[in-house]
Amino acid sequence: MKTLMVIDPRMCSECKDCITACEKEHGTARAKKSSTIPIFCLQCHPDKAPCARICPTGAIREENGSLKVEEDACILCRLCLIACPIGIIAIDEEKKTAQKCTLCMETDGILPACVEACKDNVLKVFSIKELEELKKDVSFAEILSETLKLSR
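About the criteria used
Residues numbered from 1 in each chain as written. Predicted model: local features only at pLDDT ≥ 70, side-chain atom pairs only at ≥ 80, totals over all residues. Heavy atoms only, no water. Helix = DSSP H or I, 4+ residues; strand = E, 2+ residues; numbered from the N terminus. Contact = heavy atoms within 4.5 Å. Patch = residues over 30% accessible without salt bridge, like charges linked within 9 Å, V, L, I, M, F, W, Y side chains within 5 Å. Areas by Shrake-Rupley, 256 points an atom, 1.4 Å probe, with all protein chains shown as cover. Salt bridge = Lys/Arg side-chain N within 4 Å of Asp/Glu carboxyl O. Buried < 20%, exposed > 50% of the residue type's maximum accessible area, 1.4 Å probe, protein only. 1 Å grid on protein atoms, 1.4 Å probe; cavity = no way out; pocket = protein on both sides within 12 Å on 5 of 7 lines; lining within 4 Å. Points joined across faces, edges and corners; volume = space filled by probe spheres on them. Nonpolar A, V, L, I, M, F, W, Y, C, P; charged D, E, K, R; others polar. Pairing = 2+ DSSP bridges. Arc of directions from axis to C-beta.

### Some points on the side chain of His26
- Among the structural elements, His26 can be located in helix α1 (residues 17-26).
- Once residues within four sequence positions are removed from consideration, His26 is found in contact with Asp92, Lys95, Cys104, Glu106 and Thr107.

Encoded structure:
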């Protein structure tokens, strides 16, 4: 099932606990800290993801609705890092492979490590179906519209 990470940047305390948890879980942080908030993979559609499309060995493949780097197939050419629109592909120097966020689908955790570690409770994971349902909710649409007005 296709899922996305959503962050409320206004509530983030910039503690980096999410990035630390990601690094602890995977050995390399698959998220990065911008000047203020953490940045996560956009979880692009597998057929359209620039990182997967440019990979010369096809090492970035869909698995359970998320793109994953097949470490054995990665030649560490770094083309995926260049192609990613937000530069979020990580390099694991020890394993000599590219890494990208999979929302911890390959782990035993129920939630991604970053979401569990967020003491501010600003990280949420939604399925595409859940987001579609939220868009239909009139009260949510009104809140979103009001929020957009305030941010201008």
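### Some remarks on a nonpolar patch on the surface
- Taken together, the side chains of Ile54, Leu79 and Ile82 define a hydrophobic patch exposed on the protein surface, amounting to about 260 Å² of accessible area.
- Take Ile82: its relative accessible area is 64%, and that puts it in the exposed class.

### Topic: the pattern of salt bridges
- Inspection of the entire model under this criterion finds six salt bridges.
- Glu106 serves as the salt-bridge partner of Arg30, at 2.9 Å between the closest nitrogen and oxygen. Residue Arg30 is found in the loop between α1 and β2 (32-33), and its partner Glu106 is found in the loop between β7 (97-99) and α4 (113-117); the two are separated by 76 residues along the sequence.
- For Arg30, a relative accessible area of 9% gives the class buried.
- Here Glu106 falls in the partly exposed class, since its relative accessible area comes to 34%.

### Some details on the layout of surface pockets
- Considering only enclosed or pocket space, the second largest pocket measures out at about 190 Å³ in volume.
- The wall of the second largest pocket is formed by 13 residues, among which Thr3, Met105, Ile110, Pro112 and Val125 lie closest to the centre.
- If you tally residues by element for the lining of the second largest pocket, the top one is strand β8 (residues 123-127), at three residues.
- Per-class residue counts for the lining of the second largest pocket are nine nonpolar, three polar and one charged.

### Quick word on the pairing of strand β5 (residues 66-69)
- Both strand β4 (residues 60-63) and β5 contribute to a ladder of four bridges, which runs antiparallel. Across the sheet, Ile60 pairs through a bridge with Val69, a residue of β5.
- Hairpin connection from β4 to β5: two residues lie between these consecutive antiparallel strands, with Asn64 at a positive phi of about 55°.

### Focus on α1
- Among the residues of α1, those classed as buried are Cys18, Ile19, Ala21, Cys22 and His26. Projected down its long axis, α1 shows its buried positions confined to an angular sector of 160°, all on one face. For α1, the exposed residues set more than 90 degrees away from the buried face come down to Thr20 and Lys24.
- Summarising the contacts, the buried residues of α1 are in contact with β2, β3 (38-39), β6 (90-92), α4 and β8.
- Of the residues flanking the end of α1, it is Gly27, one or two places downstream, whose phi is positive at about 90°.

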